[in-house]
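# Per-entry structural report
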Amino acid sequence: MGVLINPDFLSATNVSNVLTRSTFVAIIAVGATFVISSGGLDLSVGAMTAFVAGIMIMFMNALVPSLEANAIIAGIGLVICVGALCGLFNGLIVTIGRIEPFIVTLGTMGIFRAFITFMSNGGTIPIDRSLRDPFRPIYFGEVLGIPIPIVICAIVAGIGAFILYKTKYGRRCAAVGANEEVARFSGISVARIRTTAFVIQGICVAIAAVCYVPRLGAATPTTGLLWELQVITAVVIGGTALRGGKGHIWGTIAGAVILEMIANLMVLSDFISEYLVAAVQGVIIIVAMLIQRFSRRS
Amino acid sequence: MKYLSMSTLLSVAAIAAAAPALGQEEQKVMAVSIPAATHGWTGGVVYHAEAAAAEIREAFPNIDVVVNTSPSAIAQVGALEDLQASRDPDALVILPFTSEELTGPVETVKDAGTFITVVDRGLTDPRIQDLYVAGDNIAVGANTANWLSEQLGGEGDVVVLRGIPTVIDDERIQGFQDALEGTNINILDIQYANWNRDEAFNLMQDYLAKYSHIDAVWANDDDMLLGVLEAIDQAGRDDIKFALGANGMVDIVEMVRAGDPRTPISTPYPPSMIKTAMYLTAANLNGQAPVRGEVILDAPLITIDNAEEFYFPDSPF
């Protein structure tokens, strides 16, 4: 259908652009699949991406004089730790504080967004000029002709799928999401499973930030704006139930790609007024979900 | 509508600053209510407002300037009520979040006898304001279009990135389109990128995939332009002769200063207009300089020759 609208849709450059762009949401959505299938929800991921990207840039810039380009490796190490800590923070408040994840992460969404705005004075946190060239390949480079973010995304999804489908933790995750009481009576530590899911989410956010920073070389208060909604949509389009109980990693990845593809097709098509693009996107998402629902019933 | 040039404004401010307190030792309060720094341009507004506050306090010890930032229209209404209750300001300089929602609350402040200066976005009822300071969004679009038309010899294909659906965006686009009327410059495409660098990057990638030849790009904000430039560089496209923005962001003014062949100009819609408004309000409070009226800052082209004047290296925008 895409080709009918515009023959350029399937050009190698366009496909590669769209796939590469969708990796931010896809990587974060892998983490969200864990959180959602264990019965939680994380609204803070977009703001968290901006926050950890900002921390990473400031840390790397501070290290440039002593480490030069190696500051990037230190930055990546740090951002994974910070992401995991942010996730742990969310998870502990949810489980120990016994507060709805929706409310907790709504709160932390505001906190992370305010932090990045404060850190940047409302403007931009750019990476040090000397780091631009060595860092660029992580977004713009290729391995065997495949853009690096796609490779990273595939690895993250592969590990995610392994954990969710093949390990005890993955099965417990779904069990907790399906029925918390039953899971508790079967001796599963619900709090630990849920907290771990938020930590996984935080690590995924950090990995997405590592791919994101070299793209434009900066973090701003608008970084990752509304990504939480795209992430949740990707997870749900992918077949994971929003009320928890089961998760589909590869479906999530497909969902993220479909979302980005719809946006791309809207620009490539000439039929629709620019004012109505968002409405058409909304309709396509709803129709896709309905088709999925009815085809499963029959 | 009365148009004042930048130099007239500066001289008014200079006279105001030079005239000492004229015997009035009474303590006065100037409240400044602006949107919080949530993106580049408002970040610039906050920066310039704080700078102006410090300078005015220094020049006029009897004027106390209170700068208050709000993250939403509702919060700004609350902030106005708090300011009124706690400080009883003699003057209010306000950059309203939205016109409709703020009109009533500002009118309440006005009814208490406060001098009202409105900046950038007007209120629904212009009779409330004593002074109005804004940029010229039509000129932002039109001046860019005229320059572009001249450079391209009146013909070529351009793509446009819009901001967020607001009056400001509509006016800029209208100014741009109207100025191109009658030329053979064809606007290939026009879509929203929401004044967001990431979305502009994505949209520009799509434009590049869709059109094999583009002569020029116009993003009506420099934040978006940074994303556009990154996408063009990645695609390695050399058909694009000009990539232009607007607002005079520090990164772009740097390019203009350096004589970048692809981005040789920008047009200011300066966040420093808040400073203009605060200086004039201070003049009214203390210098017995009547400043009632409308001040529309023009949007002259920022070129390599005058870039220095628009260069604020410490500003976040």
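Up top is the structure.
Residues numbered from 1 in each chain as written. Chains lettered and ligands numbered in written order. Predicted model: local features only at pLDDT ≥ 70, side-chain atom pairs only at ≥ 80, totals over all residues. Heavy atoms only, no water.

### Comments concerning the overall build of chain A
Convention followed: Helix and strand labels come from DSSP, where a helix needs a run of H or I of at least four residues and a strand needs a run of E of at least two; each type is numbered from the N terminus. Remark: exposure states derive from per-residue accessible area (1.4 Å probe, protein chains only) relative to the maximum for the residue type, with buried under 20%, exposed over 50%, and partly exposed in between. Working rule for contacts: check all heavy atoms of both residues, and any pair within 4.5 Å makes them a contact. Accessible areas in this description were obtained via Shrake-Rupley with a 1.4 Å probe; residue shielding takes into account the shown protein chains only.
A tally of helices and strands in chain A yields 14 helices and 4 strands. Taking the principal axes of the C-alpha coordinates as reference, chain A spans close to 55 × 50 × 40 Å. Counting every position in chain A, which comprises 298 residues, the buried fraction comes to 52%. Taking as baseline every contact in chain A between residues at least 6 positions apart, the subset at least 24 positions apart corresponds to 78%. For chain A, the accessible area works out to roughly 13,100 Å², and carbon and sulfur atoms hold 70% of it.

### Examining the packing of aromatic side chains
Going by this rule: Any two rings among Phe, Tyr and Trp, with Trp reduced to its six-membered ring, count as a pair given centres within 6.5 Å; such a pair is stacked if its planes are under 30 degrees apart, edge-to-face if over 60, and tilted if neither. Counting as a charge over the ring demands two things of the Lys NZ or Arg CZ atom: a distance within 6 Å of the ring centre and an angle within 35 degrees of the ring normal.
Summed over the entire model, instances satisfying the criterion amount to 14 aromatic pairs over all chains. Relative to Trp227 of chain A, the ring of Tyr212 of chain A lies with its centre 5.8 Å away and its plane at 85 degrees, an arrangement referred to as edge-to-face. Here Trp227 of chain A lies in helix H12 (residues 227–237) and Tyr212 of chain A lies in helix H11 (residues 190–216), a separation of 15 residues in the sequence. Side by side, Tyr212 of chain A and Trp227 of chain A carry an identical accessibility label, which is buried. Members of the aromatic cluster, joined through ring pairs, are Phe24, Tyr139, Phe140, Tyr212 and Trp227 of chain A together with Phe201 of chain B. Between the NZ or CZ atom of Arg172 of chain B and the centre of the ring of Tyr269 of chain B, over which it lies, the distance is 4.9 Å.

### Quick notes on the interface of chain A and chain B
Filter applied, for reference: Defined here as a combined quantity, buried area equals the accessible surface (1.4 Å probe) lost by two parts on assembly, summed across both. Side-chain atoms alone can form a polar contact between residues adjacent in sequence; in general such a contact is a pair of N or O atoms within 3.5 Å, and within protein one must be able to donate a hydrogen while the other accepts it. The residue classification treats Ala, Val, Leu, Ile, Met, Phe, Trp, Tyr, Cys and Pro as nonpolar and Asp, Glu, Lys and Arg as charged. All others, Gly included, are polar.
The partner chain B presents 28 residues to the 37 residues of chain A that form the contact. Both faces combined, the contact of chain A with chain B buries some 2,500 Å², and carbon together with sulfur accounts for 46% of it. By the criterion of area lost to chain B, the three top residues of chain A are Leu216, Val267 and Glu274 of chain A, representing 25% of everything that side buries. The tally of links from chain A across to chain B stands at 14 residue pairs in polar contact (both at pLDDT 80 or more). Those elements that place two or more of their residues in the side of chain A that touches chain B are helix H2 (12–37), helix H6 (129–135), helix H7 (137–140), H11 and helix H13 (249–268) of chain A. No other element matches H13 of chain A, which puts 6 residues into the side of chain A that touches chain B. For the side of chain A that touches chain B, the class distribution of residues is 13 nonpolar, 15 polar and 9 charged.

### Brief notes about the side chain of Thr240 of chain A
All names here are of chain A. Take Thr240: it is sitting in the loop between H12 and H13. One polar contact links the side chain of Thr240 to the main-chain amide nitrogen of His248, over a distance of 3.0 Å. Among residues more than four places away in sequence, those in contact with Thr240 are Thr33, Ile36, Ser37, Val235, Lys246, Gly247, His248 and Thr252.

### Considering the nonpolar core
The nonpolar side chains of soluble globular proteins are, as a tendency, buried together. Heads up, the rule is: The criterion is simple. A nonpolar core is a set of buried Ala, Val, Leu, Ile, Met, Phe, Trp, Tyr and Cys residues joined through side-chain atoms within 4.5 Å.
Among the nonpolar cores identified, the biggest contains 161 residues, and Met30, Leu161, Met204 and Met278 of chain B are the most heavily contacted of them. With 15 residues, H11 of chain A is the largest single contributor of residues to this core. Discounting chain neighbours no more than four positions away, the residues touching Met204 of chain B are Val159, Ile214, Val217, Val228, Ala231, Ile232 and Ile240 of chain B. The next biggest cluster of nonpolar side chains, apart from the first, holds 19 residues, and it includes Val29, Ile116, Ala134 and Ile296 of chain B.

### What to know about a nonpolar patch on the surface
All names here are of chain A. Test applied: Patch criteria: residues need more than 30% relative accessible area and no salt bridge. Like-charged residues are merged within 9 Å; nonpolar side chains of Val, Leu, Ile, Met, Phe, Trp and Tyr are merged within 5 Å. A pair is scored as a salt bridge if a Lys or Arg side-chain nitrogen falls within 4 Å of a carboxyl oxygen belonging to Asp or Glu.
On the surface, Leu85, Leu88, Leu92 and Ile96 cluster together into a nonpolar patch covering about 370 Å² of accessible area. Examined against the element boundaries, Leu92 turns out to sit in helix H4 (residues 71–95). For Leu92, a relative accessible area of 35% puts it in the partly exposed group.

### Quick look at the pairing of strand S4 (residues 115–119) of chain B
All names here are of chain B. Our working definition: Pairs of strands are assigned from DSSP output, requiring at least two bridges between the strands. We call a crossover right-handed when, viewed with both strands directed away from the observer, the connection leading from the first strand over the helix to the second proceeds clockwise.
Buried residues dominate S4, accounting for 5 of its 5 residues. Bridge count between strand S3 (residues 91–94) and S4: 4 bridges; the pairing is parallel. Its bridge partner being in S4, Ile94 is matched across the sheet by Val118. Taken together, S3, helix H4 (residues 99–111) and S4 constitute a β-α-β crossover, and its handedness is right-handed. One ladder, built from 3 bridges, connects S4 with strand S5 (residues 131–135); its direction is parallel. Bridge assignment links Val119 to a residue of S5, and that residue is Val133.

### What to know about the sheet that holds strand S9 (residues 242–244) of chain B
Residues and elements named next belong to chain B. Applied cut-off: Simply put, an axis is a line fit to the C-alpha atoms, just over the touching stretch for a helix, and the angle between two N-to-C directions goes from 0 to 180 degrees.
In spatial order, the strands read S7-S6-S8-S9; together these 4 strands make up an open sheet with parallel pairing. One side of each edge strand has no neighbouring strand; the edge strands of this open sheet are strand S7 (184–192) and S9. Neighbour-to-neighbour, the strand axes of this sheet turn through a mean angle of 15 degrees, independent of strand direction. Note that strand S6 (residues 155–162) and strand S8 (residues 216–219) share 4 bridges and pair parallel.

### Things to note about the environment of Ser70 of chain B
All names here are of chain B. With respect to the helices and strands, Ser70 occurs in strand S2 (residues 63–70). Ser70 sits 193 residues away from Thr263 along the chain, and the two C-alpha atoms are 34 Å apart. Sequence-distant contacts of Ser70, that is, excluding residues within four places in its chain, are made with Ile34, Pro35, Ala36, Ala75, Gln76, Ala79 and Phe97.

### Overview of the side chain of Thr222 of chain A
Tracing the backbone shows Thr222 of chain A in the loop between strand S4 (218–219) and H12. Taking the relative accessible area as the measure of exposure, Thr222 of chain A reaches 14% and is therefore buried. In this structure the side chain of Thr222 of chain A is engaged in a polar contact, spanning 2.9 Å, whose partner is the side chain of Thr220 of chain A. Aside from chain neighbours lying at most four places away, what touches Thr222 of chain A is Arg113 of chain A together with Thr38, His39 and Asn196 of chain B.

### Concerning the packing of helix H8 (residues 148–166) of chain A against helix H9 (residues 168–178) of chain A
When two helices pack together, their arrangement is captured by the angle between the axes and the distance separating the axes. Residues and elements named next belong to chain A. Definition in use: Roughly parallel means an angle under 35 degrees; roughly antiparallel, over 145; roughly perpendicular, 65 to 115; everything else is oblique.
Contact pair H8 / H9: the axes reach a minimum separation of 4 Å and the direction vectors enclose 70 degrees. Considered as vectors, H8 and H9 are oriented roughly perpendicular to each other. Two secondary-structure elements touch here, H8 through Ile163, Leu164, Tyr165 and Lys166 and H9 through Lys168, Tyr169, Gly170 and Arg171. For the contact of H8 with H9, the per-class residue count stands at 4 nonpolar, 1 polar and 3 charged.

### Observations concerning H12 of chain A
For H12 of chain A, the full list of buried residues reads Trp227, Glu228, Val231, Ile232, Ala234, Val235 and Ile237 of chain A. Two residues or fewer past H12 of chain A, Gly239 of chain A is found with a positive phi of approximately 105 degrees.

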